[in-house]
There are 2 protein chains.
Amino acid sequence: MPTYKAPVADTLFVLNDVLGYERYANLSGFADAGPDMLEAILGEAAKVAENVMHPLNRVGDEEGCVRNADGSVTTPKGFKQAYDQYREGGWMSLSIPAEYGGQGLPYTVHSAVGEYMSSANMALMMYPGLTQGAIAAILEHGSDEQKQTYVPKMAEGVWTGTMNLTEPHCGTDLGLLRTKAVPNGSGGYKISGQKIFISAGEHDMAENIIHLVLARIEGAPEGVKGISLFIVPKFKLDDDGNAGERNGVSCGSIEEKMGIHGNSTCVMNYDEAEGYLIGAENGGLKAMFVMMNEARLGVGMQGLSIGEIAYQNAVSYAKERIQGRSISGPKAPEKKADPIIVHPDIRRNLMNMRAFNEAGRALILWTALKSDVAHRSEDAKDQEAADDHLGLMTPIIKGVLTDKGFEHAVMAQQVFGGHGYIEEHGMSQFVRDARIAMIYEGANGIQALDLVGRKLAMNGGRAIQAFFKEVGDFCEENRADEKMAPLTKALKKGLNDLQAATMWLMQNAMAKPDNAGAASTDYLHLFGLVALGYMWARMAKVSHDKLAEGASLPIYDSKLVTARYFMERIMPETGAHLARISAGADSMMALEAEAF
Amino acid sequence: MPTYKAPVADTLFVLNDVLGYERYANLSGFADAGPDMLEAILGEAAKVAENVMHPLNRVGDEEGCVRNADGSVTTPKGFKQAYDQYREGGWMSLSIPAEYGGQGLPYTVHSAVGEYMSSANMALMMYPGLTQGAIAAILEHGSDEQKQTYVPKMAEGVWTGTMNLTEPHCGTDLGLLRTKAVPNGSGGYKISGQKIFISAGEHDMAENIIHLVLARIEGAPEGVKGISLFIVPKFKLDDDGNAGERNGVSCGSIEEKMGIHGNSTCVMNYDEAEGYLIGAENGGLKAMFVMMNEARLGVGMQGLSIGEIAYQNAVSYAKERIQGRSISGPKAPEKKADPIIVHPDIRRNLMNMRAFNEAGRALILWTALKSDVAHRSEDAKDQEAADDHLGLMTPIIKGVLTDKGFEHAVMAQQVFGGHGYIEEHGMSQFVRDARIAMIYEGANGIQALDLVGRKLAMNGGRAIQAFFKEVGDFCEENRADEKMAPLTKALKKGLNDLQAATMWLMQNAMAKPDNAGAASTDYLHLFGLVALGYMWARMAKVSHDKLAEGASLPIYDSKLVTARYFMERIMPETGAHLARISAGADSMMALEAEAF
């Protein structure tokens, strides 16, 4: 059975030592979660993750969800009780504004907590996770009445939310969607159509489910310009605002999936269900993106979460399993063989995972702080810069951390040898669960296109220029420091490759747009390497400074080793990415479709 | 439902056009399989794979194997009938020597056929596949009587074989094994112990199962020097050599695994089972390696096989699924959207898979021909060179093609978006099945150590020097040819990186052995890239020549495009591998185990 321990010390290192969490005390909500409170919250969250969520992870995989003959869905044994504990503990409402029943704490804190919970039980955490996205959309685009009607119950967790986008013939290309909305004459709409792959679409954990549904109002323009967003509750509300009469929406079936069996992935049928427009008529795409952006950061987090728990279990196994002798002489002569952690190729796997996870955590928390600045700062310039960062990093966090999270689940499984392939040890579940994060909320190829096609040139490239400057300045400021020089040199080389790739795109993508598409995934990962490398450089800098001040925590020493590992063994991949990007689209696109 | 079409034309291109199959006509068995016969055999094999094996692939995954209360195992519906057709068609005995009831055809033909069968149904093909390994070990190490007793029935397929190595506490490190063999006073041994992860350990498809079991004879030396190999039939043989009385071996349970559900992976319990020594006392490791080497090539093949069928289905989906418009203008204006194959990032996935699969097929067939030369040539020098090649390429084929096969199954699944994650489309099965090939028959980390620790320096580096010379000469001979120059230049750059890495290892691994272990996986993949790149250069050369001669088959044009793609987009990875190798083991090994 896998085990899990929330990396609280590492979260605190990143927030306090590296990112200067205290500097944000002026932002609303931060005063209520100062350093001591932060530590207390994380400690409590760790307990819930380790003791409540995690023990149900395997159960969820084995039992899955069951759709009953009446269309209701039963979640795995214990899920409802754990969810109740979660919401009663107030974890659901951490960063929801107080005026809607939340606690108004920083999104950063919610984000730190979210990592632990998703590590412990990704499938279970999707129920509250989707609810967060729905809340965000209602808060951003809903009317005051809609906010007051829906958000408090959702923040309390007695109601959950969903996102209904995909239809059988329409995934990425939402312009093709057919679900219909017809005015019902009393201010609402009758929604009809079929949605698929709806996570948490039906279940037994909440009193009501608030579906946010993309549909096309009768007579609306074709394509994405004719899409609107609707609130469709599973139960219509009675006069007191409680769940009342059943609405015309039901779960037609549950998908049989590769993983996340504990989450019910539903085909949802809408049969003249009563729905209420949220945001502007035909403004659905914009409203939907609020949910999507929130969800994309959450999915990137899932990549890190699974990568982390898979890593922890690979480490435990590598310390316990004895097999063979160290090539440099026995390390456990009293045993019949050495623990396999002595073998360099096992270490390679462990160090790779560690180097990505720790930098990934820093990147997520850095971005979460920017999100708080973007939403809570009163300085327009700070807000703008933070918002730029958020837009830029969202596809990178989603795309890179989920690709890597899956890769690391596979790596961790490999450390177990044959024992990793049988379900008993739980490593297969991590691989199967992590796989979905590369696909949903915009497949990673779409993230890459979002970066190259939208984020790169937005506002004249303001966001990337700011990022390049920040990383470049850091390298410049620290290159005279001989302890930092090997790291800043490697980082600068990566930054140079990224800037060269950016230049190549500016010069070659306009004339031939296929060049942008052909470069996109490599550009995404190249950007990710530099962003993660920058996190390592900053973590190393702080560690050097702390050690110079006389601190002697082992975390500082191990950060320095891992930073060096990242720069030596991972950063050099930027060269291959640049070579591929500069190759252009010709050989990729030359074959006729018939030649395949 | 996935589909499958055996790539017969590509196999013939590789064998006839690239590898000069006709030149081997002097080797025994090749005269019986001249070019026309070869084409006929492949055509028949394609039908069996497509029409008999493939339709059962999903069934096997869904039903799995069932252990009954009496310890017998029931395989999925239809498996026995398909296996009967397979063995009655003579596919089992293709390359087994005629004196043991086989057809004595080239191993190369067996290998070409094997790819199709494993693509079509990997789990089913493991039953005959393991039998091939057991036959090879008996032919190489068995007494004449053992050969005559066991091989004909196994070649006919009425008996199958297994390999019994792993025990709960002992996988890679066979020195730890505990299964005991005690002389029974009548020339045989009583075998007792438990083996795990035994593929095809128990099933209902054959009249008898011949287990080859590693065990330690009472009083034998500790470690690998005290291991012997035994034949332990499920049913002891009666006086006529037919299956008689039940032996003391039974299936204790079936593992619940991530994939290959159609194959029964058994815990096998030996309770004073009657066994017969094969090969020398305490010479078990050597005898076992005959099976292992045969099996490793077979497993490398599985990587290619799944990569190929996954690719084919990704191509079909990419041609059918319409979503979005080409960035360079609509390609199917009559439809509501373009097929997704117009999008560069989809193409990138398809071209990557294609570029590896076609070169992987060439590498396997090239090596299969060398295997035939090694075993059938009468020229000692040719034999030696071929044997060198075989030893060198075995870990590369096993390690690289299975890593890539899995990666490509994941890539193909990604092309399907959300539809790839649900089991209905069968893409998840490819991922789950392909995963095991990276683990069994020596996890890929072990392949890398075999390459760096054994194969590299064997006979003073004779094998790698010959390979370097062949590839270097090819580049030199073709660099003046302006059509070939871009390819040979890229190949030469890769070769230079490989040679630099080899030099680095020679200079740095002796003094500090951890440097070898730290470099091993990167070295394996670096070597693989150069070997596959060399295959592409040769395929391109032939295609240019054929086109110059006036041939106009589309295969030649598409080979040229794909060769270019490989050199532009895949070959540049050699630089990152070299950088990692040259970084050495320091940052990898610096942390104490407790720091993890």
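Predicted, not measured: the structure shown is a model, and the values here were computed from it.

What counts and how
- Residues numbered from 1 in each chain as written.
- Chains lettered and ligands numbered in written order.
- Predicted model: local features only at pLDDT ≥ 70, side-chain atom pairs only at ≥ 80, totals over all residues.
- Heavy atoms only, no water.
- Helix = DSSP H or I, 4+ residues; strand = E, 2+ residues; numbered from the N terminus.
- Rg over C-alpha atoms; globule rule 2.2 N^0.38 Å.
- Buried < 20%, exposed > 50% of the residue type's maximum accessible area, 1.4 Å probe, protein only.
- Contact = heavy atoms within 4.5 Å.
- Lys, Arg positive; Asp, Glu negative; His and termini not counted.
- Charge placed at Lys NZ, Arg CZ, Asp CG, Glu CD.
- pLDDT = per-residue confidence, 0-100.
- Phe/Tyr/Trp six-rings, centres within 6.5 Å; stacked < 30°, edge-to-face > 60°.
- Pairing = 2+ DSSP bridges.
- Least-squares fit on C-alpha atoms with pLDDT ≥ 70 in both.
- Buried area = accessible area lost by both parts, 1.4 Å probe.
- Salt bridge = Lys/Arg side-chain N within 4 Å of Asp/Glu carboxyl O.
- Polar contact = N/O pair within 3.5 Å; in protein donor to acceptor, adjacent residues only side chain to side chain.
- Nonpolar A, V, L, I, M, F, W, Y, C, P; charged D, E, K, R; others polar.
- Expected span 1.5 Å × (residues − 1).
- Axes fitted to C-alpha atoms, helices over the stretch in contact; angles between N-to-C directions.
- Parallel < 35°, antiparallel > 145°, perpendicular 65-115°, else oblique.
- Left-handed = near helix turned anticlockwise from the far one by under 90°.

Peer 1: Got a minute to help me understand the overall build of chain A in this structure?
Peer 2: Secondary structure summary: chain A contains 19 helices and 11 strands in total. What you see for chain A is a C-alpha radius of gyration of 24 Å, in line with the 25 Å of a compact globule of 596 residues. For chain A, the spread of C-alpha atoms along the principal axes amounts to about 80 × 60 × 60 Å. The 596 residues of chain A split such that 65% are buried. A separation of at least 24 residues holds for 73% of the contacts in chain A among residues at least 6 apart in sequence. Across chain A, the mean location of the 56 positive side-chain charges is 6 Å away from that of the 75 negative side-chain charges.

Peer 1: Looking at this model, I keep getting lost on the confidence of the model for chain A. Mind explaining?
Peer 2: Chain-level statistics for chain A give a pLDDT mean of 97 and a share of 100% at 70 or above. Scored by ipTM, the complex comes to 0.98, with pTM at 0.98.

Peer 1: Whenever I open this one, the packing of aromatic side chains confuses me. Can you help?
Peer 2: How two aromatic rings sit relative to each other is given by the distance of their centres and the angle of their planes. Residues and elements named next belong to chain A. In the structure shown here, the tally under the stated rule is 29 aromatic pairs over all chains. On the basis of an interplanar angle of 75° and a centroid distance of 5.8 Å, the ring pair of Tyr523 and Phe527 is categorised as edge-to-face. Placement of both Tyr523 and Phe527 in helix 16 (residues 514–548) is noted, with a separation of four residues, approximately one turn of the helix. A residue is classified by how much of its surface remains accessible, and Phe527, at 0% relative accessible area, is buried. Following the ring pairs from residue to residue traces out a cluster consisting of Trp366, Phe467, Phe468, Phe474, Tyr523, Phe527 and Tyr534.

Peer 1: I would appreciate a short explanation of the environment of Leu529 of chain A in the present structure.
Peer 2: Structurally, Leu529 of chain A is set in helix 16. Those residues within four positions of Leu529 of chain A in sequence are excluded, and the remaining contacts are Phe356, Phe566, Ile570, Met571, Glu573, Thr574 and His577 of chain A.

Peer 1: Explain the pairing of strand 3 (residues 159–164) of chain A to me, please; I cannot follow it from the model alone.
Peer 2: Within a regular beta strand, the side chains point alternately toward one face of the sheet and then the other, so they alternate between its two faces. Residues and elements named next belong to chain A. In terms of burial, strand 3 is a largely internal element, six of the six residues being buried. Judged by which residues are buried, strand 3 turns out to be covered on both faces: Trp159, Gly161 and Met163 on one side and Thr160, Thr162 and Asn164 on the other are all buried. In terms of strand pairing, strand 3 meets strand 6 (residues 208–217) through six bridges, oriented parallel. Looking at strand 6, one finds that Thr162 is bridged to His211.

Peer 1: Any chance you could explain unusual backbone geometry here in plain terms?
Peer 2: Most peptide bonds take the trans configuration, and most residues that are not glycine carry a negative phi. Residue and element names in this part refer to chain A. Here Glu272, not a glycine, exhibits a phi torsion of approximately 50°, which is positive. On the secondary structure map, Glu272 appears in strand 11 (residues 265–278). Positive phi values are uncommon outside glycine, yet Asn459 reaches one of about 50°.

Peer 1: What's the story with the relation of the copies chain A and chain B in this structure? I'm lost.
Peer 2: Once chain A has been moved 0.0 Å along the axis and rotated by 180°, it coincides with chain B to within an RMSD of 0.0 Å. Here the copies are linked by what is in effect a two-fold axis. Among all residues of chain A, the minimum C-alpha distance to the rotation axis is found for Ala576 of chain A, at 3.4 Å. Both copies contact each other with a shared surface, as 100% of the interface residues of chain A are interface residues in chain B too.

Peer 1: How should the interface of chain A and chain B be read in this particular structure?
Peer 2: How big an interface is tends to be reported as the loss of accessible area on association of its parts. Taken together, the contact pairs 91 residues of chain A with 91 residues of chain B. For the pairing of chain A and chain B, the buried interface totals around 7700 Å² over both sides, and the portion due to carbon and sulfur atoms is 60%. On the chain A side of the interface with chain B, the three residues burying the most area are Tyr421, Arg569 and Phe596 of chain A, jointly 12% of the side's total. Joining chain A to chain B, the criterion identifies four salt bridges. The partner of Asp522 of chain A in a salt bridge is Arg569 of chain B, with the nearest N and O atoms 3.7 Å apart. There are 52 residue pairs in polar contact (both at pLDDT 80 or more) connecting chain A and chain B. In the side of chain A that touches chain B, the residues fall into 42 nonpolar, 22 polar and 27 charged.

Peer 1: What's the story with the pattern of salt bridges in this structure? I'm lost.
Peer 2: All chains considered together, the criterion is met by 73 salt bridges over all chains. With its nearest N and O atoms 3.0 Å apart, the salt bridge here joins Glu167 of chain A to Lys195 of chain A. Linking Glu167 of chain A in the loop between strand 3 and strand 4 (180–183) with Lys195 of chain A in strand 5 (residues 189–199), this pair joins segments that are 28 residues apart in sequence. Each member of the pair, Glu167 of chain A as well as Lys195 of chain A, carries the same accessibility label: buried. Across the pair Lys455 of chain B and Asp450 of chain B runs a salt bridge whose closest N-O atoms are separated by 2.9 Å. Both residues of the pair, Lys455 of chain B and Asp450 of chain B, belong to the buried class. Residues participating in the shared-partner salt-bridge network are Asp10, Glu115, Glu308, Arg354, Glu358, Arg361 and Lys559 of chain A.

Peer 1: Please clarify how the environment of Met37 of chain A should be interpreted in this entry.
Peer 2: Residue and element names in this part refer to chain A. Relative to the helices and strands, Met37 is located in helix 2 (residues 35–53). With a relative accessible area of 43%, Met37 lands in the partly exposed category. It is 22 Å that separates the C-alpha atoms of Met37 and Ser119, two residues lying 82 residues apart in sequence.

Peer 1: Help me out: how do you make sense of helix 15 (residues 485–508) of chain B in this one?
Peer 2: Given 3.6 residues per helical turn, the α-helix brings residues three or four places apart onto the same face. Residues and elements named next belong to chain B. Under the 1.5 Å per step criterion, the end-to-end length of helix 15 is 34 Å for 24 residues, consistent within 8% with the ideal 34 Å. Looking at helix 15, one finds that the buried residues are Leu487, Thr488, Ala490, Leu491, Gly494, Leu495, Asp497, Leu498, Ala501, Thr502, Trp504 and Leu505. Looking at the packing, one finds that the buried side of helix 15 touches helix 13 (444–455), helix 14 (458–478), helix 16 (514–548), helix 17 (554–570) and helix 18 (573–583).

Peer 1: Help me understand the packing of helix 14 (residues 462–478) of chain A against helix 15 (residues 485–508) of chain A, please; the structure alone is not making it clear to me.
Peer 2: Axes are the key here: two packed helices are described by the angle between their axes and the distance separating the axes. All names here are of chain A. For the pair helix 14 and helix 15, interaxial distance at closest approach is 9 Å and the crossing angle is 155°. In terms of their interaxial angle, helix 14 and helix 15 are classed as roughly antiparallel. By crossing handedness, the relation of helix 14 to helix 15 is classed as left-handed. In this structure, helix 14 contributes Ile464, Phe467, Phe468, Val471, Gly472, Phe474, Cys475 and Asn478 to the contact, and helix 15 contributes Ala485, Thr488, Leu491, Lys492, Leu495, Leu498, Gln499 and Thr502.

Peer 1: How should I be thinking about the pairing of strand 6 (residues 208–217) of chain B in this particular structure?
Peer 2: Residue and element names in this part refer to chain B. Counted residue by residue, strand 6 has 10 buried out of 10 residues, so it is predominantly covered. In the sheet, strand 4 (residues 180–183) pairs with strand 6 via two bridges, with the strands oriented parallel. Residue pairing in the sheet places Ala181 in a bridge with Ile217 of strand 6.

Peer 1: Got a minute to help me understand the environment of Met291 of chain A in this structure?
Peer 2: Residues and elements named next belong to chain A. Looking at the secondary structure, you find Met291 in helix 8 (residues 284–320). Residue classification places Met291 among the buried positions, given a relative accessible area of 0%. Along the chain, Met291 and Met353 lie 62 residues apart, while their C-alpha atoms are 30 Å from each other. The contacts of Met291, once residues within four sequence positions are left out, are Gly133, Ala134, Ala137, Met163, Leu212 and Leu229.

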